[in-house]
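Listed below are the residues making up each chain.
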Amino acid sequence: MTTRSHSDRTVRRTVLALATSGLAVITTGAALDALWLLGIGVWALIAAMVIELVYQP
């Protein structure tokens, strides 16, 4: 088993933080019926997915 470098862990932590915050904002936007919050949450999830797909350790 290989160990992950510091940058790999940092990218993974960033992706998880973006995804978690995106889901929280989407949930809040849906509860408040605020379309702009839904949009911000969706863009946060898209950013998390793009980082995950582009960054390959």
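Right, let's walk through the structure included here. (Residues numbered from 1 in each chain as written. Predicted model: local features only at pLDDT ≥ 70, side-chain atom pairs only at ≥ 80, totals over all residues. Heavy atoms only, no water.)

Concerning the overall build of the protein chain
Piece 1. The helix and strand tally for the protein chain stands at two helices and zero strands.
Piece 2. A compact globule built from 57 residues should have a C-alpha radius of gyration of about 10 Å, whereas the protein chain, at 14 Å, is more than 25% larger.
Piece 3. Each principal axis of the C-alpha atoms in the protein chain carries an extent, and together these give about 45 × 15 × 15 Å.
Piece 4. Here the protein chain, with 57 residues, has 18% of them falling under the buried criterion.
Piece 5. The long-range fraction of contacts in the protein chain, counting pairs at least 24 apart against all pairs at least 6 apart in sequence, stands at 50%.
Piece 6. As displayed, the protein chain offers around 4,400 Å² of accessible surface, 71% of which is attributable to carbon and sulfur atoms. (Helix = DSSP H or I, 4+ residues; strand = E, 2+ residues; numbered from the N terminus. Rg over C-alpha atoms; globule rule 2.2 N^0.38 Å. Buried < 20%, exposed > 50% of the residue type's maximum accessible area, 1.4 Å probe, protein only. Contact = heavy atoms within 4.5 Å. Areas by Shrake-Rupley, 256 points an atom, 1.4 Å probe, with all protein chains shown as cover.)

As for a nonpolar patch on the surface
Piece 1. Where nonpolar side chains cluster on the molecular surface, the patch consists of V42, W43, I46, V50, L53 and V54 and spans about 620 Å² of accessible area.
Piece 2. If you trace the backbone, W43 turns up in helix α2 (residues 35-54). (Patch = residues over 30% accessible without salt bridge, like charges linked within 9 Å, V, L, I, M, F, W, Y side chains within 5 Å. Salt bridge = Lys/Arg side-chain N within 4 Å of Asp/Glu carboxyl O.)

Some details on helix α1 (residues 6-32)
Piece 1. The terminal C-alpha atoms of α1 lie 39 Å apart, and with 27 residues this matches the ideal 39 Å at 1.5 Å per residue to within 8%.
Piece 2. All of the buried residues in α1 are D8, V15, G22 and G29.
Piece 3. Buried residues belonging to α1 abut α2. (Expected span 1.5 Å × (residues − 1).)

Function cannot be read off these values alone, since they describe shape.
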